[in-house]
Amino acid sequence: MDTLAVWTIKGGVGKTAASVNLAHAAAMSGIRTLLWDLDPQGATSYYLRALPRLPGGVETLLDRSLDLIQFVQPSEFDNLFLLPADFSYRHLDIALEEGAKPRKALAKRLRPLTDDFDLVLIDCPPSVSAVSEAVLRAADALIVPVIPTTLSMRTLEQVRTFVTTAGKHQPTLPFLSMVDRRKRIHLDTCEECLADDGFLRTMIPSASVVERMGVTRAPVAATLPSQPAAKAFGELWREIAERLCIGPGMG
Amino acid sequence: MPEATTLAADDWSFALLGNRLGDRLEIEPKSTLRVTYLDTFDWRLFNRGCRLTCERQSGRKTLHWCSPSSAHPYVLPVDRDVHFAQDLPDGFLRSELVEVSGVRALLPFAAARVSRQHARVLDSRGNTVARLVVEESTPLDQSNRDAGRPIRTVTVQPIGAVRRAHNRVKKLLHESGATDPPRIDIAAAAAEIRGRRPGDYSSKPQTALRPDQRSDDVLRKVLESLRATVAANVDGVIEDTDVEFLHDLRVACRRARSALSQIKGVLPRTESDTLAGELGWLGEATGPCRDLDVYLLEMDGYRRQLETAAHEIDDFEKLLRRERAKALRRVRSALRSKRFHRLMEVWSLLSEADGEVSDSPKAAQPIGDIAGKKILKAYRKMVKRGARLSDPPPAEDLHRLRIDAKKLRYLLEFFGGLYSKKTLTRLVKELKQFQDILGGSNDMAVQQRHLAAFAETLMAEGSTRAGTVFAMGRLADTMAERQAEYANTFEERFQVFSGEASRRIYQRTFGGS
């Protein structure tokens, strides 16, 4: 089982859209995928038409006597399952700090799910906190959305520094998100970013179909598969899978 | 996680449900697809409660896997037809399928044209409570033409975690005309069109017996079951669908020979002798191909043993494949020969229910009187021979004991239906474990000899590298070690097989008192 975290410090960069669309693309390629919505806002759960509620909230999340599989929900899509958010996750930082070995807590919760899923994709809240540290411990790689702007680039540097100090030297894969080709600054920054080999090559365009996910409440590829944004998410997933050797490779 | 439920929907439509749910029912457009149902020839998937289908829709092909251990179907897109589990990429489905189907080919046994429509049931917040899949499946014949009455079902896939809501959807479906459960399974209905029935083949003799049945009657039934097994496997051998067709065919022939030689004087002698002789011929004609299949099946294991030198046996594998192609040609020619057809005719005549009756008094004897005595005699013979062996025993002695063990095993299989299933299962399991030692030892001895012969052939061809011969030598050494290990564990296994507990069970079950 591979665990990927979609994480960045900055909000509003297309993190949740990426989580849902990448998880959907992975599932469609035959990977048994669990999308774990750790963001108390519950937008991922909303996009998948699920109630953002975990019975028992944070206590359930951290109670090792309860197997998380019993709270996993099937989604409308083949091979895609959801561990929904709960508003109580806003207290997850405090709950983690109060428990023993807070950095290992989430990794330990995932361990019993190894046989049930090939991939766990965590949609993290945009912050630097105890939750981020625990996610860093659990994740085999980080997927970092970056809007091609100066501030977003600065955030990426902060993310990389944080991963170096708090992570476990796992790959950090930034990708260009919400790219608006009409903007000069975007084009210039994209060029600068792609000069960095660490960046994933696929760019996700700024597109109204992605914004409309709030209305359709489904991954873009499920409603408008021929749209460039849908294809871009599919391509981005293939690139991630290839870099991280996540199968299956057929289809 | 909640599981899906399928209901019969002959008299059900979205209209009534829509009246109840209003805008909380979202119906998607219909789509049409072709579904092919796959299983091994001996129904390994069906027997384990699994189902594998291949769906084709608008040029897209997906495999759908359901098993008792997972609540939700697994779906894998594929870009080509899959004939063996091993054709799949590494991953969940491959490991599940390899475990269930082994080396057997995945064959289409039925197909259907499916008109499918999805709908979602929402709660008041717009969250999905359930997904409905309405399907109208029409069985297709071999030429993919509609053949048979369509079967209509509605499947409820619970989404989310609110069980109360799921139950409410099921109740609404019932109220709108769906019935539970569906009367006909589409896979079974579609298989019937092609003359198949899930579970209709097993390589084991399938004979219902009563102890008061005449011996000749029972022996005919056993022989008929074995003849049917051979007949069922001929096409698969000729087409080389997978290696188990030849194996099953050969085992059925061996069983038949064993039945004829162990239960003598029950069927007319001339025909029995003719059949036994011809089965010997068929065994010899097909043996080399099976031996080569065994080596080729072992190639992955050989390569693992050789680790970094794995590539050194590439030439060896090429030789095996060349030899196997030749051996298969001989098998095909044997199975297409007049001699084989005559053999099958004799077999058929001999096993016919109203065939010629032997005037031997044994023929009319109740099978209950004969079977137990034969089994007990075969068991005692093994115990006696085994007790005389030195520790560790020489390979030739183990080989003789191995033949005795096969005879006992066949008797237990032929006449198992006369005894308690639980007892038989235990005895067969115990015997099988003992046979693993005997067979393993023999295989290792034979394989070492063959390996040396193959190495000589390669050297005689002149193009072989020293590394290949050296690697084959290493394999032979490992085989010798394993042969010794088998011999060393003989005593321990024999003690279990011949121990007081087993003897008592054999005596009690087959001793008649």
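Residue positions are given per chain, counting from 1 as you read along its sequence in written order. In the order they appear in the text, chains get letters beginning with A and ligands get numbers beginning with 1. Given that the model is predicted, a residue must reach a pLDDT of at least 70 before its local features are reported, and side-chain atom pairs must reach 80 or more before they are shown or counted; all residues, however, enter totals for whole chains, interfaces and linings.

Residues and elements named next belong to chain B. Positionally, Ser101 belongs in helix 3 (residues 92-101). Put plainly, a residue is buried at 20 or more neighbouring C-beta atoms within 10 Å of its own, exposed at 12 or fewer, and partly exposed in between, counting only other residues' C-beta atoms, which are placed from the backbone. The class of Ser101 is buried, set by 23 C-beta atoms lying within 10 Å. By the convention adopted here, residues make contact when the C-beta atoms placed from their backbones lie within 7 Å. When sequence neighbours within four positions are dropped, the list of residues in contact with Ser101 reads Thr40, Arg44, Leu45, Ala85 and Leu106. Here a helix means four or more residues in a row that DSSP labels H or I, a strand means two or more in a row labelled E, and each is numbered from the N terminus.

Interface extent is often summarised as the accessible area lost during association of the parts. Residue and element names in this part refer to chain B. Domain assignment breaks chain B into domain 1 (5-193), domain 2 (202-360) and domain 3 (366-513). Per the annotation, domain bounds derive from an automatic or database assignment of domains. Taking only C-alpha atoms, the centre of domain 1 and the centre of domain 2 are 38 Å apart. Each residue belonging to the side of domain 1 that touches domain 2 can be placed in one class, and the counts come to three nonpolar, no polar and two charged. Residues were grouped as follows: Ala, Val, Leu, Ile, Met, Phe, Trp, Tyr, Cys and Pro as nonpolar; Asp, Glu, Lys and Arg as charged; and all remaining residues, including Gly, as polar.

With that settled, consider the sheet that holds strand 3 (residues 51-57) of chain B. Residue and element names in this part refer to chain B. Here eight strands make up an open sheet; going across it, the order is 1-8-7-6-2-3-4-5 and the pairing antiparallel. Strands at the two margins of the open sheet, each flanked by one partner only, are strand 1 (5-8) and strand 5 (74-78). Sheet twist, expressed as the average angle between the axes of neighbouring strands with direction ignored, equals 30 degrees. Here strand 2 (residues 25-39) runs beside strand 3; their pairing, made up of five bridges, is antiparallel. By the bridge assignment for strand 3, Leu38 is matched with Leu52. Any two strands between which DSSP finds at least two bridges are classified as paired. Only the contacting stretch of a helix is used when fitting its axis, a line to C-alpha atoms as for every element, and angles between N-to-C directions run 0 to 180 degrees.

Attention shifts here to helix 12 (residues 367-388) of chain B. In this model helix 12 of chain B runs 32 Å from its N-terminal to its C-terminal C-alpha over 22 residues, within 8% of the 32 Å that 1.5 Å per residue would give. Among the structural elements, helix 6 (215-238), helix 13 (395-415), helix 15 (466-498) and helix 16 (500-510) of chain B are those in contact with the buried residues of helix 12 of chain B. The span expected for a helix works out to 1.5 Å for each residue beyond the first.

The biggest cluster of nonpolar side chains holds 84 residues, and the ones touching the most others in it are Leu121(A), Ile122(A), Val135(A), Ile204(A) and Phe233(A). The biggest single contributor to this core is helix 1 (residues 15-28) of chain A, with nine residues. Setting aside anything within four residues of it in sequence, one finds Leu121(A) in contact with Leu4(A), Val6(A), Ser19(A), Leu22(A), Ala23(A), Thr33(A), Leu35(A) and Trp36(A). Grouped together as the second largest cluster of nonpolar side chains are 68 residues, Ala252(B), Leu292(B), Leu319(B) and Met472(B) included. The term nonpolar core means buried Ala, Val, Leu, Ile, Met, Phe, Trp, Tyr and Cys residues held together as one set by C-beta atoms within 7 Å.

Right, let's get into the interface of chain B and chain A. Between chain B and chain A, the contact holds 23 residues from the first and 20 residues from the second. Contributing elements (two or more residues each) for the side of chain B that touches chain A: strand 5, strand 7 (128-140) and strand 8 (151-158) of chain B. Element by element, the count of residues in the side of chain B that touches chain A is highest for strand 5 of chain B, at five residues. Of the residues belonging to the side of chain B that touches chain A, the class tally is twelve nonpolar, seven polar and four charged.

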